[in-house]
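Overview (structure and organization)
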2 protein chains.
Amino acid sequence: MRKLLIEELGRKSIEQYASSEKLPLTVVLDNVRSIYNVGSVFRTADALLIEKVVLCGITACPPSDEIHKTALGAELSVPWIYEEDTLEAVNRLKEEGYKVLAAEQVEGSIALQNYSYVGGKIAIVFGHEVKGVRQDVVDICHGAIEIPQFGTKHSLNVSVSAGIVMWEVVKQMMFK
Amino acid sequence: MRKLLIEELGRKSIEQYASSEKLPLTVVLDNVRSIYNVGSVFRTADALLIEKVVLCGITACPPSDEIHKTALGAELSVPWIYEEDTLEAVNRLKEEGYKVLAAEQVEGSIALQNYSYVGGKIAIVFGHEVKGVRQDVVDICHGAIEIPQFGTKHSLNVSVSAGIVMWEVVKQMMFK
């Protein structure tokens, strides 16, 4: 099987991307510490054509040389906004009609393999590398999604978690 | 929804992990440059209870302080081996009865949303951050899986790609 050349991948220009219809999925980063993780989330968000990223609290924002390096420039295509307070960001999304879900290990969460997209606008909140999504933020979400984990560690890398959850939701939005 | 305490997560000890039945999924890293990515793959491999990671070429191996830091110690639970030559690693897996798939953008790849696990042992090869899986390695794989991408960039971060593909395969192995 021949590997495809870059020009055969059919990727969009920044202008084509800007005018493309996005999927009704917003990702909220609640105090993500590592610029590397922020850049990686932008890269996944670009690939999966989600509508925006909301950067909250201490989460680094573009323009940043380090985000640019790890996002490979995807922070230039994916729409993003900054909200200092994650609670305000979530409340605003709820007012705008989003179903807001925390990606977190909580009582009563939906295991990702059981998640079923039933339409509408979705926002998913990913949290700090060590502390996760803040309890007061979880408290105002409509629900929680949890990636089942069977090993010795407590959690996944946040950019990997975001990739897995975004993939599962996008797949259902696009192909179900 | 109350966030779960660490002791409520039901994670395994290293000993419990060692004696647990693993999923018949092996991940091969073909010349992955970044120790950060290697550590992150170990962390996902631990969470998803896959049977081993094969580290090839320039891919860093434990023991390594930096792998330990990014894997949070998951390199101590997940079985791994080192093979200098990725071609030999793939040929050995084929001899051992694995269906070997490259995670790569190639002619005739299976889009991940169309992938269907039908039993048996699977090995998936992930490649170098810039060059991807080597063409000569792709050539001897049984097939290729491709994560569909709709944005401006050519690829995802390799630890994110590995997380997404591992999730999709593990989900089908465990829950289908």
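Residues numbered from 1 in each chain as written. Chains lettered and ligands numbered in written order. Predicted model: local features only at pLDDT ≥ 70, side-chain atom pairs only at ≥ 80, totals over all residues. Heavy atoms only, no water.

**A short note on the interface of chain A and chain B**
Which entries qualify depends on this criterion: Any two residues having at least one pair of non-hydrogen atoms within 4.5 Å are treated as being in contact. Buried area: the sum, over both parts, of the accessible surface (1.4 Å probe) that disappears when the two are put together. Salt bridges are counted wherever a side-chain nitrogen of Lys or Arg sits within 4 Å of a carboxyl oxygen of Asp or Glu. Under this definition, polar contacts are N or O atom pairs within 3.5 Å; protein pairs additionally need one hydrogen-donor-capable and one acceptor-capable atom, and for neighbouring residues in sequence, both atoms have to be side-chain atoms. Per the convention used, a helix needs a DSSP run of H or I reaching at least four residues, while a strand needs a run of E reaching at least two, with both numbered from the N terminus. For this classification, Asp, Glu, Lys and Arg are treated as charged, while Ala, Val, Leu, Ile, Met, Phe, Trp, Tyr, Cys and Pro are nonpolar and the rest, including Gly, are polar.
Every contact between the two is made by 61 residues of chain A and, on the other side, 61 residues of chain B. Both sides of the chain A and chain B interface together cover about 5600 Å² of buried area, and 58% of this is carbon and sulfur. Arg2(A) serves as the salt-bridge partner of Glu107(B), at 3.0 Å between the closest nitrogen and oxygen. Here chain A and chain B share 44 residue pairs in polar contact (both at pLDDT 80 or more) between them. Listing elements by their share of the side of chain A that touches chain B, those giving two or more residues are helix 1 (14–19), helix 2 (35–47), helix 5 (135–140), strand 7 (143–146) and helix 6 (158–175) of chain A. Take the side of chain A that touches chain B: its biggest share by element is 9 residues, from helix 6 of chain A. Across the side of chain A that touches chain B, the residue classes break down as 28 nonpolar, 19 polar and 14 charged.

**With respect to the relation of the copies chain A and chain B**
The criterion, for reference: Least squares is the method used to superpose the copies, on C-alpha atoms of residues holding a pLDDT of at least 70 in both.
Screw-axis analysis of chain A against chain B gives a translation of 0.0 Å along the axis, an RMSD of 0.0 Å, and a rotation angle of 180°. Seen this way, the second copy is the image of the first under a two-fold rotation axis.

**Comments concerning the packing of aromatic side chains**
Our working definition: Here the aromatic set is Phe, Tyr and Trp, taking the six-membered ring for Trp, and pairing holds for ring centres within 6.5 Å; pairs whose planes are under 30 degrees apart are stacked, those over 60 apart are edge-to-face, and all others are tilted. Exposure classes here rest on a 1.4 Å probe applied to the protein chains alone. A residue is buried below 20% of its type maximum, exposed above 50%, and partly exposed in between.
Within the structure shown, the criterion is met by 1 aromatic pair over all chains. Considering the side-chain rings of Tyr36(A) and Tyr36(B), the 3.8 Å spacing of their centres and the 50° angle between planes classify their relative orientation as tilted. With Tyr36(A) in helix 2 and Tyr36(B) in helix 2 (residues 35–47), this residue pair bridges two chains. A relative accessible area of 23% means that Tyr36(A) is categorised as partly exposed.

**Description of the packing of helix 6 of chain A against helix 6 (residues 158–175) of chain B**
The condition that has to hold: Every axis in this analysis is a line fitted to C-alpha atoms, fitted for helices over the stretch in contact. Angles between the N-to-C directions lie between 0 and 180 degrees. By definition in this entry, angles of less than 35 degrees are roughly parallel, angles greater than 145 are roughly antiparallel, angles of 65 to 115 are roughly perpendicular, and the rest are oblique. Note on convention: near helix rotated counterclockwise from far helix by under a right angle means a left-handed crossing. Clockwise means right-handed.
Where helix 6 of chain A meets helix 6 of chain B, the axes come as close as 8 Å, and the angle between the chain directions of the two elements is 55°. With respect to helix 6 of chain B, the axis of helix 6 of chain A lies oblique. Classified by chirality, the crossing of helix 6 of chain B by helix 6 of chain A is right-handed. Residues Ser159(A), Val160(A), Gly163(A), Ile164(A), Trp167(A), Glu168(A) and Lys171(A) of helix 6 of chain A form the contact with helix 6 of chain B, whose participating residues are Ser159(B), Val160(B), Gly163(B), Ile164(B), Trp167(B), Glu168(B) and Lys171(B). Looking at the contact of helix 6 of chain A with helix 6 of chain B residue by residue, the classes come out as 6 nonpolar, 4 polar and 4 charged.

**Remarks on the environment of Thr86(B)**
Residues and elements named next belong to chain B. Within the secondary structure, Thr-86 sits in helix 4 (residues 86–95). The class for Thr-86 is buried, based on a relative accessible area of 0%. Sequence separation between Thr-86 and Lys-12 is 74 residues; the distance between their C-alpha atoms is 31 Å. Not counting residues up to four positions away in its chain, the partners in contact with Thr-86 are Val-28, Asp-30, Asn-31, Cys-56, Arg-134 and Val-137. A polar side-chain atom of Thr-86 sits 2.7 Å from a polar atom in the side chain of Asp-30.

**Re helix 4 (residues 86–95) of chain A**
Residue and element names in this part refer to chain A. The line we're drawing: To be clear, the arc concerns the directions from the helix axis to the C-beta atoms.
Within helix 4, burial applies to Thr-86, Ala-89, Val-90 and Leu-93. The buried residues of helix 4 occupy an angular sector of 95° when projected down its axis, which confines them to one face. Elements in contact with the buried residues of helix 4: strand 1 (23–30), strand 2 (50–56), strand 3 (80–83), strand 4 (98–103), strand 6 (121–126) and helix 5. Of the residues that open helix 4, the one with a side-chain oxygen 2.9 Å from the backbone nitrogen of Leu-87 is Asp-85.

**Section: the sheet that holds strand 1 (residues 23–30) of chain B**
Residues and elements named next belong to chain B. Note the threshold: By definition, two strands form a pair when at least two bridges between them are found by DSSP.
Within the open sheet, the 7 strands sit side by side as 3-2-1-6-4-7-5. Their pairing is parallel. Two strands bound the open sheet, and with one partner strand each, they are strand 3 (80–83) and strand 5 (110–111). Helix 6 rests against strand 1, strand 2 (50–56), strand 6 (121–127) and strand 7 (143–146) of the sheet, and its axis sits at about 165° to strand 1.

**Describing helix 2 of chain B**
Residues that lie three or four places apart on an α-helix share one face, since the helix turns once every 3.6 residues. All names here are of chain B. Put simply, the test is: One fewer than the residue count of a helix, multiplied by 1.5 Å, yields its expected span.
Taking 1.5 Å of rise per residue, the 13 residues of helix 2 would be expected to cover 18 Å, and the 19 Å separating its terminal C-alpha atoms lies within 8% of that figure. With respect to burial, helix 2 is a largely interior element, 11 of its 13 residues being buried. Among the residues of helix 2, Asn-37, Val-38, Gly-39, Ser-40, Val-41, Phe-42, Arg-43, Thr-44, Ala-45, Asp-46 and Ala-47 are the ones counted as buried. The backbone nitrogen of Tyr-36 has a side-chain oxygen 3.1 Å away, supplied by the residue at the start of helix 2, namely Ser-34. At the exit of helix 2 stands Leu-49, carrying a positive phi of roughly 60°.

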